[in-house]
Amino acid sequence: MRWFGFGFNGFAQIVAHEQSAIDKTDAVNELKIICPTLINTSVKKCVCGRNASSELQQIRASWSRRLSLLEDDSGVFLDGFRGLGSSNKCCGFVEQSRGCKDATNNESQFTLAFQDRVEVWDFEKNENGPVWSMDVRPSLETPDSCTKLPLVPGGYIALKPPFYRPISPHLQAKSLAVGPEHVILLSATGAVYTWGQGSHGQLGHGSLTSEEEPRAVEALWGVPMKSVAAGGWHCCCISATHDLYVWGWNEIGQLGLPSRGVRKVQQQNSHEKALQSPDTNIKPGDEPTQTEDDKEVFISIQAFPALLDLNPQCDVEAVSCGSRHTAAVTGEYGQLGHKNLLSSDEPQCIEFFKDHHLRVIDVVCGAWNTFAAVVKQEEPQKCPL
């Protein structure tokens, strides 16, 4: 399995700037990487003064940092902005993470889940020990099970203090995703619950009001879901039949629904190209021409879950949300949602992976970037003559 990254690279969280002299690629050392770029999946770390290596298993990303969870519980490797007071100078390997089973991060803290405990560390104060921790007792039914962050036994880990937030056992939480100020939960029965701030319709209850307690998304009642994701001000979920549902803020088309903001940018770009054409009758200072598209119905806020119509129709296997973008993996070619610097309110296939015979099996969104795990696409066997 290999990982590719693209998007905002201002802190070298996708590709290290110093690699430019070695890789000689156009994508390296850029603030914005528009082409999927291979991430070094073999991570070097220091163990007792000696160099060792471990393969990258999973990625977690925030705005300025990427945490790489290493295989065989080896720990976590940090890329990007390390913080002014960080003591993790040993090749980016987080010493406190040895033996961890899972990890998550945001701009201020990173959370480590071990077999017997969960710890929250502050990036700026990690030399003083974790800022919060709790012991975890393996259940008698599944003694070898490990915590799947941000869920922890009896609750979940929030982005800011108090870090531990209890959840009623009646919800039977299976997975959970945390946005800046809202939470989405998937129950063992496939029901979806949301709570927190609802100012942009991100709770999916049909209003812009907030909810202090978990509330079932009634529009999805009776439609079992298998996964959920939370963005900056929007949410997504995948049904058991592999359909994608979206709701919340659609300012720049992050829901894949018609966006007035995106259309204005497209019109402005067309207007600027027309000005540069030698055959144009447009004069500098003229406003972009109004077209029939101006009569289109645009969606700024989708307060109810909407079934996203993908073209061509395909099964959605995984989805992840950034601050204002969404990426999805489908069953056919493993394509994602966006592929260039331009905003889009229509799901677009990233042809790079298909062209290179790669199948995407997982996707992780940072605030302003995207990471995709890929395997080699199996070539179809030719029938013998």
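Everything numeric in this text was worked out from a predicted model, so none of it was measured. (Residues numbered from 1 in each chain as written. Predicted model: local features only at pLDDT ≥ 70, side-chain atom pairs only at ≥ 80, totals over all residues. Heavy atoms only, no water.)

**Some words on the overall build of the protein chain**
When its secondary structure is counted, the protein chain shows 3 helices and 26 strands. The proportion of buried residues among the 385 residues of the protein chain is 48%. Across the protein chain, every contact between residues at least 6 apart in sequence was considered, and the portion connecting residues at least 24 apart equals 49%. If you sum the accessible surface of the protein chain, you get close to 20000 Å²; carbon and sulfur atoms cover 52% of it. (Helix = DSSP H or I, 4+ residues; strand = E, 2+ residues; numbered from the N terminus. Buried < 20%, exposed > 50% of the residue type's maximum accessible area, 1.4 Å probe, protein only. Contact = heavy atoms within 4.5 Å. Areas by Shrake-Rupley, 256 points an atom, 1.4 Å probe, with all protein chains shown as cover.)

**Some details on the confidence of the model for the protein chain**
Across the protein chain, the average pLDDT comes to 83, with 76% of residues at 70 or higher. This stretch, residues 86-91, has a pLDDT under 50; its non-local contacts, to residues over four places away or in other chains, come to 17 contacts. Within the model, the stretch residues 381-385 combines pLDDT values under 50 with 0 contacts to residues more than four positions away or in other chains. (pLDDT = per-residue confidence, 0-100.)

**With respect to the nonpolar core**
Grouped together as the largest cluster of nonpolar side chains are 25 residues, with contacts concentrated most on W3, I59, F353 and F371. Only β1 (2-8), β2 (32-39), β4 (50-61), β24 (326-330), α3 (351-355), β25 (358-365) and β26 (369-376) provide two or more residues apiece to this core. If one sorts the elements of this core by residue count, β25 sits on top with 5 residues. The residues touching F371, leaving out its near neighbours within four places in the chain, are W3, F4, G5, Q13, I14, I39, I59, A61, R66, D362, V363 and V364. (Core = buried A, V, L, I, M, F, W, Y, C linked by side-chain atoms within 4.5 Å.)

**Quick notes on the pattern of salt bridges**
Taken as a whole, this structure holds 9 salt bridges when the rule is applied. With a shortest N-O distance of 3.0 Å, R324 and E251 are connected by a salt bridge. Note that R324 is positioned in the loop between β23 (316-321) and β24 and E251 in the loop between β21 (244-249) and α2 (260-276), a separation of 73 residues in sequence. The partly exposed category is assigned to R324, whose relative accessible area is 35%. If you follow the salt bridges from partner to partner, you end up with D116, R117 and E119 in one network. (Salt bridge = Lys/Arg side-chain N within 4 Å of Asp/Glu carboxyl O.)

**Focus: the sheet that holds strand β17 (residues 192-196)**
An order of β15-β16-β17-β18 is seen for the 4 strands of this open sheet, with the pairing classed as antiparallel. Each end of this open sheet is capped by a strand with a single partner; those strands are β15 (173-178) and β18 (211-216). Each neighbouring strand pair of the sheet contributes to a mean axis angle of 15 degrees, computed without reference to strand direction. (Pairing = 2+ DSSP bridges. Axes fitted to C-alpha atoms, helices over the stretch in contact; angles between N-to-C directions.)

**Some remarks on the sheet that holds strand β19 (residues 225-230)**
The strand order across the open sheet built from 4 strands is β19-β20-β21-β22, with neighbouring strands paired in antiparallel fashion. Every other strand in the sheet has two partners, leaving β19 and β22 (301-307) as the edge strands with one partner each. Going from strand to strand, the sheet's axes swing by 10 degrees on average, the running direction of each strand aside. Note that strand β20 (residues 234-239) and β21 share 5 bridges and pair antiparallel. Considered in β21, the bridge of C236 is made with V246.

**Side note on the pairing of strand β5 (residues 65-70)**
For β5, the tally of buried residues reaches 6 of 6 residues, placing the bulk of the element in the interior. Burial along β5 is two-sided: R65, L67 and L69 and R66, S68 and L70, pointing in opposite directions, are all buried. In the sheet, β5 pairs with strand β6 (residues 76-80) via 5 bridges, with the strands oriented antiparallel. Note that in β6 the partner of S68 across the bridge is F77. Count of turn residues in the β5/β6 antiparallel hairpin: 5 residues, of which D72 carries a positive phi of about 55 degrees.

**Let's talk about the side chain of T37**
When you line up the elements, T37 lands in strand β2. A distance of 2.9 Å separates a polar atom in the side chain of T37 from the backbone oxygen of C35. (Polar contact = N/O pair within 3.5 Å; in protein donor to acceptor, adjacent residues only side chain to side chain.)

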